[in-house]
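# Inside the fold
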Amino acid sequence: MTSLSDLSPIPLFTAQDSAFMQRALILAQQGGALGEVPVGAVLVLDGQIIGEGYNQPILSCDPTAHAEVVAIRQAATALQNYRLENTTLYVTLEPCTMCVGALVHARIGQVVFAATEPKSGSLVSARKLFETGYYNHVFVFEGGLLADEASKMLSDFFRGRREAKKVLPV
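Residues numbered from 1 in each chain as written. Predicted model: local features only at pLDDT ≥ 70, side-chain atom pairs only at ≥ 80, totals over all residues. Heavy atoms only, no water.

## Notes on the confidence of the model for the chain
Any segment with low pLDDT has predicted coordinates that should not be analysed in fine detail. Which entries qualify depends on this criterion: Per residue, pLDDT captures the predictor's confidence, and it can take any value from 0 to 100. Residues are treated as being in contact if the distance between any of their heavy atoms lies within 4.5 Å.
On average, residues of the chain carry a pLDDT of 92, and 92% of them reach 70 or more. A low-confidence stretch, residues 1–5 stays under pLDDT 50, and its non-local contacts, those more than four residues away or across chains, total seven contacts.

## Describing the pattern of salt bridges
Stated precisely, the cut-off is as follows: Salt bridge, as used here, is a side-chain nitrogen of Lys or Arg placed within 4 Å of a carboxyl oxygen of Asp or Glu. In this text, helices come from DSSP runs of H or I with a minimum length of four residues, and strands from runs of E with a minimum of two, each type numbered from the N-terminal end.
Counted by the stated rule, this structure contains four salt bridges. A salt bridge links Glu 52 to Arg 23, with the shortest nitrogen-to-oxygen separation between them at 2.7 Å. You can see Glu 52 sitting in strand E2 (residues 48–54) and its partner Arg 23 sitting in helix H2 (residues 15–33), a full 29 residues away along the chain. Each of Lys 152, Asp 156 and Arg 159 takes part in salt bridges that share partners, so that together they form one network.

## Here's the deal with the side chain of Thr 92
Going by this rule: Under the scheme applied here, a residue whose accessible area is under 20% of the maximum for its type counts as buried, over 50% as exposed, and between as partly exposed, the area being computed with a 1.4 Å probe on protein chains only. Throughout this description, a polar contact denotes any pair of N or O atoms lying within 3.5 Å of each other; where both atoms belong to protein, one of them has to be capable of donating a hydrogen while the other can accept it, and for residues adjacent in sequence the pair is counted only when both atoms sit in side chains.
The residue Thr 92 is located in strand E3 (residues 87–93) in this model. Residue classification places Thr 92 among the buried residues on the basis of a relative accessible area of 2%. Here the side chain of Thr 92 touches Gly 40 through a polar contact of 3.0 Å, landing on its backbone nitrogen. Those residues in contact with Thr 92, other than ones at most four positions away along the chain, are Met 21, Ala 24, Leu 25, Ala 28, Pro 38, Val 39, Gly 40, Ala 114, Ala 115 and Ala 150.

## Observations concerning unusual backbone geometry
Peptide bonds are trans in most cases, and residues, glycine excluded, mostly fall at negative phi. A positive phi angle, close to 65 degrees, is found at Arg 107, a residue other than glycine. Within the secondary structure layout, Arg 107 lies in the loop between helix H5 (97–106) and strand E4 (110–115). Taking relative accessible area as the criterion, Arg 107 reaches 16% and is therefore assigned buried. Phi angles above zero are rare outside glycine, and Leu 146 is one such case at about 60 degrees. Tracing the backbone through its elements, the reader meets Leu 146 in the loop between strand E5 (140–143) and helix H6 (147–167).

## Details of the pairing of E2
This is how it is decided: Whether two strands pair comes down to DSSP finding at least two bridges between them.
By the criterion of burial, E2 is predominantly enclosed, with five of the seven residues buried. As judged from the six bridges shared by strand E1 (residues 40–45) and E2, these two strands associate in the antiparallel manner. Note on E2: the bridge partner recorded for Leu 43 is Gly 51. Where E1 hands over to E2, the hairpin turn is made up of two residues, of which Asp 46 adopts a positive phi near 50 degrees.

## Overview of the packing of aromatic side chains
Rules: The aromatic pairing rule takes the rings of Phe, Tyr and Trp, using the six-membered ring of Trp, and pairs them if the centres are within 6.5 Å, calling planes under 30 degrees apart stacked, those over 60 edge-to-face and the rest tilted.
Counting across every chain of the model gives six aromatic pairs. Judged by centre distance (6.4 Å) and plane angle (75 degrees), the ring pair of Phe 139 and Phe 141 falls under edge-to-face. Residue Phe 139 is classed as buried on the basis of its relative accessible area, which comes to 0%. When the ring of Phe 157 is compared with that of Phe 158, the centres are 5.1 Å apart and the planes differ by 80 degrees; the resulting orientation is edge-to-face.

What follows is the structure, encoded as structure tokens:
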């Protein structure tokens, strides 16, 4: 069985990693302010942001408009290439199965995520997709960068939703 540490050679996060994750947190906050689940993503090549996004399936009427997919689409358009080799994705929440599939098809080089997602995370939580051995491309990944901040943002968002439901007349 492969563990997270076996797949990931990213032992420590750098100041640059933290800066890119901070940008992803800002994007998540923007999405949350619009009523979307607050997840943000930044895609980087050679130290430059080439794509970014926040969750927007409600706003765009597109169930595939997760932050990761929005960032991938923006980067692919910017580079005029559907292959995004040697890139790093910074995302505030562990990717779901759909997003892992998109990251594999785009040939992302590595993923750094903040918080784990126990219900639908597909790297280390609910599903450990790379342990199946079925993929023709595997990226390295590491979680935990600014996890407390990302987790708090998500908890606050869902707490606010629950509280709003309580005050609505029945």
